[in-house]
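# Remarks on the overall topology
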Amino acid sequence: MDQDLYLRIALELYLKRLIIGGFDKVYELGRVFRNEGISTKHNPEFTMLESYQAYADYKDVMELVEDLVCSVAREITGKTEVTFNGELIKLAPPWQRILLREAIKKQCGIDFEDYPDVDSLCKKMQQQGMQVDPSKDRGRLVDELISTFVEPHLTQPTFLIDYPLDMSPLAKKKPDNERLVERFEGFVAGMEIANAFTELNDPLDQRQRFEEQSKRQTPEPVKGAAGEVPETDVIDEDFLLALEYGMPPTGGLGIGIDRLVMLLTGKQSIREVILFPQLKTK
């Protein structure tokens, strides 16, 4: 058909088209691909559950995640507690909620609001003794702070809430602080299992963010210091056109199914719950 085709990194833009088209609640279980390395928690191809609910926000989605994980655990194991890596984890609601800014500040002393650009945040992280890749944008640097300092301490179910704008190009800004967005990530046993936000439904703001994101990315992907090839996103004009027709206020959610299975079966590596994990060739 003489067309360029792309592996999808999320189910998001198509499910949002359905919300725009009049479906109040939609979900899909599907395979996605991300070139983000391999570890006990990462496989390049994995299974994602994504859902979108019209007339909901990220607070409604937090309750959905609590109820979903708890009910699945009860149905599979007969109880709402699991043992993972020798720790008893209680999945029953309510899960604790912590502001992302406060969590990072508590664990490493860095307040990301004090460092509004890449250079200043980079210097502060280097002062803390961290090896910093200068090619990463500010959002990826904040993500590094989360994975290095915060994630390992989140054994019991926890929502980290209110993320920087530059980490979340598809999330709605907080009305009282335009540098933050209404987003949360759900963590259990030191693993991120859920990511959600109040969806951005302003087509002009969305276009501007896509364009800014596109400018920040490397035109020709080159391997960074960690050997990772940066993701490149193509601006989806069809999605932006659909957004112009009007999308209601919406709460969106993504859950990593493989990690949820790891949690419920007590497996320490994602390879143990995937039938054909990515491995090196012989």
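## Observations regarding the pairing of strand β3 (residues 81-84)
Covered by surrounding structure in β3 are Val82 and Phe84 only, the residues Glu81 and Thr83 on the alternate face being uncovered. Relative to strand β4 (residues 87-90), β3 runs antiparallel, the two being bridged by 4 bridges. Bridge assignment links Thr83 to a residue of β4, and that residue is Leu88. In this antiparallel pair of consecutive strands, β3 and β4, the connection spans 2 residues, and Asn85 shows a positive phi of 55°.

## Topic: the pattern of salt bridges
Overall, the coordinates contain 19 salt bridges when judged by the stated rule. Linking Glu185 and Arg183 is a salt bridge whose minimum nitrogen-to-oxygen distance equals 3.2 Å. In this pair, the class of Glu185 matches that of Arg183, namely buried. Between Arg207 and Glu211 there is a salt bridge, with its nearest N and O atoms 3.9 Å apart. You can see Arg207 and its partner Glu211 sitting in helix α6 (residues 203-216), 4 residues apart, about one turn around the helix. Judged by relative accessible area, which is 25%, Arg207 ranks as partly exposed. When salt bridges that share partners are traced, they join Arg101, Lys105, Asp111, Glu113 and Arg179 into one network.

## Comments concerning the environment of Thr40
Tracing the backbone shows Thr40 in the loop between β1 (25-33) and β2 (45-54). In this structure Thr40 comes out as partly exposed when scored by relative accessible area, which is 43%. Along the sequence, Thr40 and Arg216 sit 176 residues apart, while their C-alpha atoms lie 30 Å from each other. Once residues lying within four places of it in the same chain are set aside, the contact partners of Thr40 are Met262, Gln268, Ser269 and Ile270.

## Looking at helix α1 (residues 12-20)
Those residues of α1 lying buried are Glu12, Leu13, Leu15, Lys16, Ile19 and Ile20. One side of α1 holds all its buried residues, which, seen down the axis, span an arc of 160°. Of the surrounding secondary structure, the elements contacted by the buried residues of α1 are β1, β2, β9 (191-198), α7 (237-245) and β10 (250-256). Just past α1, the residue Gly22 takes up positive phi, approximately 115°.

## What about the packing of aromatic side chains?
Geometrically, a pair of aromatic rings is defined through the distance of the ring centres and the angle of the planes. Tallied over the entire structure, the rule returns 3 aromatic pairs. Ring geometry for Trp95 and Phe159: centres 5.1 Å apart, planes at 25°, overall stacked. Taken as a pair, Trp95 in the loop between β4 and β5 (96-99) and Phe159 in strand β6 (residues 158-164) lie far apart in primary sequence, 64 residues in all. Each member of the pair, Trp95 as well as Phe159, is classed as buried. With centroids separated by 4.9 Å and ring planes inclined at 65°, the aromatic side chains of Phe159 and Phe184 adopt a geometry described as edge-to-face.

## Let's talk about unusual backbone geometry
Along the chain, Pro93 connects to Pro94 via a cis peptide bond; the corresponding omega equals 0°. Residue placement: Pro94 occurs in the loop between β4 and β5.

## Looking at the confidence of the model for the protein
Within the protein, residue pLDDT values average 91, and 94% of them lie at 70 or more. Between residues 219-226, whose pLDDT stays under 50, and residues either more than four places distant or in other chains, the model counts 10 contacts.

## Considerations on the environment of Thr158
Summarising the element assignment, Thr158 is placed in strand β6. Put simply, Thr158 and Pro94 are 64 residues apart on the chain and 9.3 Å apart in space, counted from C-alpha to C-alpha. Contact partners of Thr158, with chain neighbours within four places excluded, come to Trp95, Gln96, Ile98, Glu185, Gly186 and Phe187. Only 2.8 Å separates the side chain of Thr158 from the side chain of Gln96, close enough to count as a polar contact. Of note is the side chain of Thr158, whose polar atom sits 2.8 Å from the backbone oxygen of Gln156.

## Comments concerning the state of the cysteines
If you walk through the whole model with that rule in mind, you get 0 disulfides. Here Cys122 is not disulfide-linked; the sulfur of Cys108 is the nearest cysteine sulfur, at 14 Å. We classify Cys122 as buried; its relative accessible area is 8%.

Conventions and cut-offs
Residues numbered from 1 in each chain as written. Predicted model: local features only at pLDDT ≥ 70, side-chain atom pairs only at ≥ 80, totals over all residues. Heavy atoms only, no water. Buried < 20%, exposed > 50% of the residue type's maximum accessible area, 1.4 Å probe, protein only. Helix = DSSP H or I, 4+ residues; strand = E, 2+ residues; numbered from the N terminus. Pairing = 2+ DSSP bridges. Salt bridge = Lys/Arg side-chain N within 4 Å of Asp/Glu carboxyl O. Contact = heavy atoms within 4.5 Å. Arc of directions from axis to C-beta. Phe/Tyr/Trp six-rings, centres within 6.5 Å; stacked < 30°, edge-to-face > 60°. pLDDT = per-residue confidence, 0-100. Polar contact = N/O pair within 3.5 Å; in protein donor to acceptor, adjacent residues only side chain to side chain. Disulfide = S-S within 2.5 Å.

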